[in-house]
Amino acid sequence: TNPFVFPSRTPCMTIRERTKALAPLLRGSLSGLLAGGVVLGIAQLLAGLVGPQSSPIVAVGGKMIELTPQPVVSFAIRVFGVYDKIVLLGSLALGVAVLSAAIGIAAARKPFVGVAGMLIFGLAAGSAAAFSPSGAALDAVPAIVGAIAGAGGLLFLIGRLPVSESAGRPAEQGVDSGRRRFVGGAALAVGAAALSGSIGWALLRGKTQASLASRANLQIPKAVSPAKALPAGVDLKLKGLTPFMTTNRDFYRVDTNLVVPRLNVDDWRLKVGGMVENQLNLSFEELVSRPMIERDITLSCVSNEVGGRYAGTARWVGVPLKDLLDEAGVRSGSDLVISKASDGFTISTPVATIVDGRDAMLAVSMNGEPLPAEHGFPVRMIVPGLYGYVSATKWLVDLQLSTFAAANTYWTARGWAPKAPIKTFSRIDTPAPLSRPQPGKVAVAGVAWAQHRGIQKVEVRVDGGPWQTARLAAEASIDTWRQWVWEWDATPGRHELQVRSTDGEGKTQPEERVKPFPDGATGWHAIVVTVMDA
């Protein structure tokens, strides 16, 4: 007798009868959830041996990021900000739970359906891992083996479900015995999932600790060309105004990685190839033995909406990229550098922006310490004046000289512009939008940037009136942002404040707002405040 012949519900059923009727459904879904836990636990164990990129959640999440339409990506970055990856992982975990419960319910009626569901999930997740940018056939193993173990666990749990009185025992005795058998099986499944998952996490944590130790023991040589001392007055130090220098902790992070790559300098290598006369293959020690420069540079992300916060300034130390290209010998006709991260992610950068005299570098230090893992340890690329998606490869391991006509990289293949100089940008930091300042003198202040062109002027206006010139903080360099402030004699009522800036070439940012896609947002930043009555 099938214990999962679900009784139909009738209007006259009592609460107890309804509970009994739903019990098989609940036990089926619980069986599926526990089996799903076994899948993830076993897969996590094997991922600890193969690598974090082979974890089913990470692999499926990465594939979702890769296949998500651009408007959805922009929406997620705009709404969730730095928490977008946490939201995605949480959504995936919920999705896996719902799928597992559904598979368990189906398996309670027809076991082969549940087994097929588990195996299909394993094949899908395994394929996502194997065919990721840095994937290999071995990366499919954790998901597939985990799915096989999960299918076996599902059959095991279904086989221990309560039986009916046809088993030759009184009904209540059979049900009680079946419950005990099921609870025992469930405990075994929980134990297997928890133990295997814990071992997997421990293995991955060991790799993380090795990377952290590698970073902690690293001594970055001093730059032969140190950064200029910051001029007096570069930071206005106003309440509510973004500091001139951004701490490593507060520096924005935008990338496609659900799990931060954890590299070790002892194993790290950089290859330089493609359209070059001499291919290079450098260790980290060989890289940092070259003359290095130290520079203050503002980075900004193309995902920034008007008034957005995806920008920051840090002091970077690195090897001039032009020197490496000169050593490799760029062949005639090459106009593109393809930089690749350790996870297979690729970025394309015009050769012209590397050799035109700007401080393009392979950075190894950020604000006086080795690069944090989240910002590309041990080596990342920086090209002042370009948005990050065409210049700022983190976890760098490979440089290939090519041509725009012959190559496409991750973001350009998705429709983003292949050449993306940073647009002139300004924003109001204080007063905050919708704030209620007191009447009288109010400091309206913010930052403006136009990397590699510099900021010449910032203007503010109130309620569409005449433009007023703001006072600029001292300029550190044309590759950094500038703070600005304007003293407003605020009167009671609701007011709109607008800001615009003019770059070092005399070009004022346009009024019309343009979305980030395909080459960066622009437009005047505006906020509304209500000045209180005196």
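This section reports on the structure supplied with the text. (Residues numbered from 1 in each chain as written. Predicted model: local features only at pLDDT ≥ 70, side-chain atom pairs only at ≥ 80, totals over all residues. Heavy atoms only, no water.)

**Overview of the side chain of Asn 257**
Then comes step 1: Within the secondary structure layout, Asn 257 lies in the loop between helix 7 (171-216) and strand 1 (269-274).
Then comes step 2: Since its relative accessible area comes to 7%, Asn 257 is described here as buried.
Then comes step 3: A polar contact of 2.5 Å, which involves the side chain of Asn 257, links it to the side chain of Asp 343.
Then comes step 4: Setting aside residues up to four positions removed in sequence, Asn 257 forms contacts with Lys 85, Asp 343 and Trp 395. (Helix = DSSP H or I, 4+ residues; strand = E, 2+ residues; numbered from the N terminus. Buried < 20%, exposed > 50% of the residue type's maximum accessible area, 1.4 Å probe, protein only. Polar contact = N/O pair within 3.5 Å; in protein donor to acceptor, adjacent residues only side chain to side chain. Contact = heavy atoms within 4.5 Å.)

**Looking at the sheet that holds strand 16 (residues 482-490)**
Then comes step 1: Here we have 4 strands laid out as an open sheet, ordered 11-12-16-15, and antiparallel in their pairing. In the strand order of this sheet, the two ends are held by strand 11 (425-430) and strand 15 (471-472), each with one partner.
Then comes step 2: As paired elements, strand 11 and strand 12 (residues 440-449) share 5 bridges and run antiparallel to each other. Within strand 12, the residue paired with Thr 430 across the bridge is Ala 445. (Pairing = 2+ DSSP bridges.)

**Considering the pairing of strand 17 (residues 493-503)**
Then comes step 1: Burial runs high along strand 17: 8 of the 11 residues are buried.
Then comes step 2: Note that strand 13 (residues 455-462) and strand 17 share 7 bridges and pair antiparallel. Bridging across to strand 17, Val 458 finds its partner in Ser 501.
Then comes step 3: One ladder, built from 7 bridges, connects strand 17 with strand 18 (residues 525-531); its direction is antiparallel. Paired with Gly 493 across the bridge in strand 18 is Val 531.

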